[in-house]
Amino acid sequence: MSSATNAAAAPDTVLVVDFGAQYAQLIARRVREARVYSEIVPSTMPVAEMLAKNPAAIILSGGPSSVYAEGAPSLDRALFDAGVPVFGMCYGFQLMATALGGTVDDNGAREYGRTPLTVSKADSTLFEGTPAEQPVWMSHGDACSAAPEGFTVTASTDVVPVAAFENDEKKLYGVQYHPEVMHSTHGQQVLEHFLYRGAGLKPDWTTGNVIEEQVAAIRAQVGDKRAICGLSGGVDSAVAAALVQKAIGSQLTCVYVDHGLMRKGETEQVEKDFVAATGANLKVVDASERFLKALAGVSDPETKRKIIGREFIRVFEQAQLEILQEDGPEVAFLVQGTLYPDVVESGGGTGTANIKSHHNVGGLPDDIEFELVEPLRQLFKDEVRAVGAELGLPDEIVQRQPFPGPGLGIRIVGEVTKDRLDLLREADAIAREELTAAGLDRDIWQCPVVLLAGVRSVGVQGDGRTYGHPIVLRPVSSEDAMTADWTRMPYETLAKISTRITNEVADVNRVVLDVTSKPPGTIEWE
Ligand SMILES: Nc1ncnc2c1ncn2[C@@H]1O[C@H](COP(=O)(O)OP(=O)(O)OP(=O)(O)O)[C@@H](O)[C@H]1O
Ligand SMILES: O=c1[nH]c(=O)c2[nH+]cn([C@@H]3O[C@H](COP(=O)(O)O)[C@@H](O)[C@H]3O)c2[nH]1
Ligand SMILES: NC(=O)CC[C@H](N)C(=O)O
Ligand SMILES: [Mg+2]
């Protein structure tokens, strides 16, 4: 179902094969930072299928397994004989070594964290121009003690004799460490050497290419049929809608669902600003009663998310019927502004855990009949912002703080009711107003305001006893929402927000600040 996207591999794509690495997406990002397009594929994908994508190069990620362990993810050696340049990192390096006849074992040569690397072949493809001694980030328990035949060892450490090797003739390269993390100070340079020198790629990919490629892919996918786009007023759907509109013009209708879980003023803002900025065809559906009814009595976060995901699709189906009343071809496609983190968190990576079912990925119902169009599915938020700016969308849209599709529904810890929503909407509006007044909108990635509906505490207001609910402020800083830290924001602003919320919002007598990073917390409470 979720694979029914238009994720056709672009020309000169580097595939990152994910062996369950912590940071496979970081590798893909670094490649794109080197201005070469990159996508992640699971290690379970058959090699023939990988090669059918016609990749310009392949990178093998790290992973938690031991290459010699039973059931460990492996790779058909045909991959190394296909003439495609390959770069193995950590587990990927160990896999390349064993597949081609080298030796990897648990010989006690463990290294974790910052490690000095000694380059033994200064003019090697990967290391030329980098220092003979350089700090690298290691994280391994197994090690390569003998490189395969035909390979030159190019670097070592105090405990690992084979910390990097290459076979220039076959265009096969590997390093035991993690060049993708910023602590490997020359990691980006080594990666670029692989891309430009090893694989002969040119640094000519830009967000402009995303636009061209995606516009072509969307046209090919949608043809002369019609599509609807779930439009929330957020960055991702605005950029997705703008891309699709560029591709198919009036064949697209945007549908904004007011599920009653929106913030104060949001619906009016979308109706006004989005249409003004893009001239898009917009249909606004008031579905608040339907969502509230479906959520009645439900407190479990995952159940809420699945209900919201399902109701969204039912509303889109209704909109589809209405659009069909107007003359024209079939309405077969649903455009969503799904990003890579939505997919990973919903457990869509290889061997990655389901943290929470994002309504637009893991929360979709099984009986969905739309074919999905998700042109941003491989990208991160900051990349999407760059695409949006390139498309000419105004800063107010492109730089907006994210707001989750399930809205205030996942910011009420406990059952969602109309009264609770009204209360939270007021508290949230005050917090947003004060953050904007303090000029903090750009410093803060987003600031969920959460109502702990099941908790009451004792307060004293107007000399009387109160027994009200706490409101949690969760200001976070982040680059891509995969990791985040709580924002150190001015006490004065916090004080103002707290005073105003307790004074102005009935039934709230306490405001607390969430000082947890992600991990271990997530940004939203549910
Ligand atoms: N109220 C809504 N009406 C219609 N579609 C929605 C609504 N909320 C979310 N969606 C759909 O779900 C997708 C994912 O939501 P998400 O919140 O991640 O993205 P966004 O709202 O577009 O951007 P942002 O992350 O900046 O909030 C959206 O891109 C959009 O397609
Ligand atoms: O559209 C969305 N549908 C969802 O179901 C959803 N859940 C979380 N988020 C947003 O994703 C980012 C990461 O959130 P978490 O740290 O809470 O997982 C943050 O920006 C969250 O606001 C969602 N967005
Ligand atoms: N980070 C990794 O890829 C680790 C590889 C392997 N699990 C080891 O410990 O050696
Ligand atoms: Mg949103």
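All residue numbers refer to position in the chain's written sequence, counted from 1. To read the labels, note that chains go from A and ligands from 1, taken in the order they are written. Totals for whole chains, interfaces and linings use every residue, but because this is a predicted model, local features are given only for residues with pLDDT of at least 70 and side-chain atom pairs only at 80 or more, for both listing and counting. Side-chain numbers come from the whole structure's heavy atoms, not from hydrogens or water.

Caption draft 1: Geometry of the site of ligand 3. Any residue with a non-hydrogen atom lying within 4 Å of a molecule or strand is treated as near it. Near ligand 3 you find G62, G63, P64, S65, C90, Y91, Q94, S139, H140, G141, D142 and H178, and these make up its full shell. Distance and chemistry together define a polar contact, namely a pair of N or O atoms within 3.5 Å, with one atom able to donate a hydrogen and the other to accept it when in protein, and with adjacent residues in sequence counting only for side-chain atoms on both sides. Contact between ligand 3 and G63: an oxygen atom at 2.8 Å from a main-chain N or O atom of the residue. Between ligand 3 and the protein, one listed contact pairs a nitrogen atom with a backbone N or O atom of P64 at 3.3 Å. For every accessible area listed, the method is Shrake-Rupley and the probe measures 1.4 Å; residues are considered covered only by the protein chains on display. Look at ligand 3: alone it shows 300 Å² of surface, and the protein chains cover 87% of it. Put simply, the parts of the chain that give the shell around ligand 3 at least two residues each are helix 4 (91-99) and strand 7 (133-140). Under the scheme applied, nonpolar residues are Ala, Val, Leu, Ile, Met, Phe, Trp, Tyr, Cys and Pro; charged residues are Asp, Glu, Lys and Arg; polar residues are all the others, including Gly. Per-class residue counts for the shell around ligand 3 are three nonpolar, eight polar and one charged. Put simply, DSSP marks the helices as runs of H or I at least four residues long and the strands as runs of E at least two long, and each gets a number from the N terminus on.

Caption draft 2: Layout of the packing of aromatic side chains. Two aromatic rings, drawn from Phe, Tyr or Trp (for Trp, its six-membered ring), form a pair once their centres lie within 6.5 Å of each other, and the interplanar angle then sorts them: stacked below 30 degrees, edge-to-face above 60, tilted otherwise. Per the stated rule, a full pass over the model turns up nine aromatic pairs. Look at F19 and Y91: their rings are 5.4 Å apart centre to centre, the planes differ by 55°, and that puts the pair in the tilted class. Of this pair, F19 sits in the loop between strand 1 (14-18) and helix 1 (24-33) while Y91 is found in helix 4, placing the two residues 72 residues apart along the sequence. The same class applies to F19 as to Y91, namely buried. When the ring of Y173 is compared with that of F194, the centres are 5.8 Å apart and the planes differ by 70°; the resulting orientation is edge-to-face. Here F194 lies in helix 5 (residues 187-198) and Y173 lies in strand 11 (residues 172-175), a separation of 21 residues in the sequence. For the residue pair Y173 and F194, the accessibility class agrees, reading buried in each case. Joined through ring pairs, the aromatic side chains of F87, Y173 and F194 make up one cluster. Over the face of the ring belonging to W486 we find R488, whose NZ or CZ atom lies 3.8 Å from the ring centre. Burial status follows relative accessibility: with a 1.4 Å probe on protein chains alone, a residue under 20% of its type maximum counts as buried, one over 50% as exposed, and anything between as partly exposed. Geometrically, a charge over a ring is one whose NZ (Lys) or CZ (Arg) sits within 6 Å of the ring centre while staying within 35 degrees of the ring normal.

Caption draft 3: Spotlight on the site of ligand 1. Close to ligand 1 lie 23 residues; G230, S232, S237, K381 and F403 are nearest. K381 is positioned such that a nitrogen or oxygen atom in its side chain is 2.6 Å from an oxygen atom of ligand 1. Note that an oxygen atom of ligand 1 is positioned 2.8 Å from one of the backbone N or O atoms of F403. Alone, ligand 1 offers 580 Å² of accessible surface; in the complex the protein occludes 96% of this.

Caption draft 4: Structural view of the UniProt feature "active site" (unreviewed entry) in the chain. Sites flagged by UniProt as "active site" (unreviewed entry) map to C90, H178 and E180. These annotated residues cover 91 residues of sequence, but their C-alpha atoms sit close together, with the largest distance between any two at 11.0 Å. Examined against the element boundaries, C90 turns out to sit in the loop between strand 4 (86-89) and helix 4. Every residue in contact with C90, bar those within four places of it in the chain, is listed here: G62, S139, H140, V175, Q176, Y177 and H178. Tracing the chain through its elements places E180 in the loop between strand 11 and helix 5. UniProt positions are given in the numbering used here, feature names are shortened, and annotations may be inferred rather than shown by experiment. In what follows, a contact means two residues having at least one pair of non-hydrogen atoms within 4.5 Å.

Caption draft 5: Structural view of the UniProt feature "binding site: ATP" (unreviewed entry) in the chain. With numbering aligned to this structure, UniProt lists the feature "binding site: ATP" (unreviewed entry) at S232, G233, G234, V235, D236, S237 and A238. Classification of S232 as partly exposed rests on a relative accessible area of 31%. Only 2.9 Å separates the side chain of S232 from the backbone nitrogen of G234, close enough to count as a polar contact. Mapped onto the secondary structure, A238 falls in helix 7 (residues 235-248). Taking the relative accessible area as the measure of exposure, A238 reaches 1% and is therefore buried.

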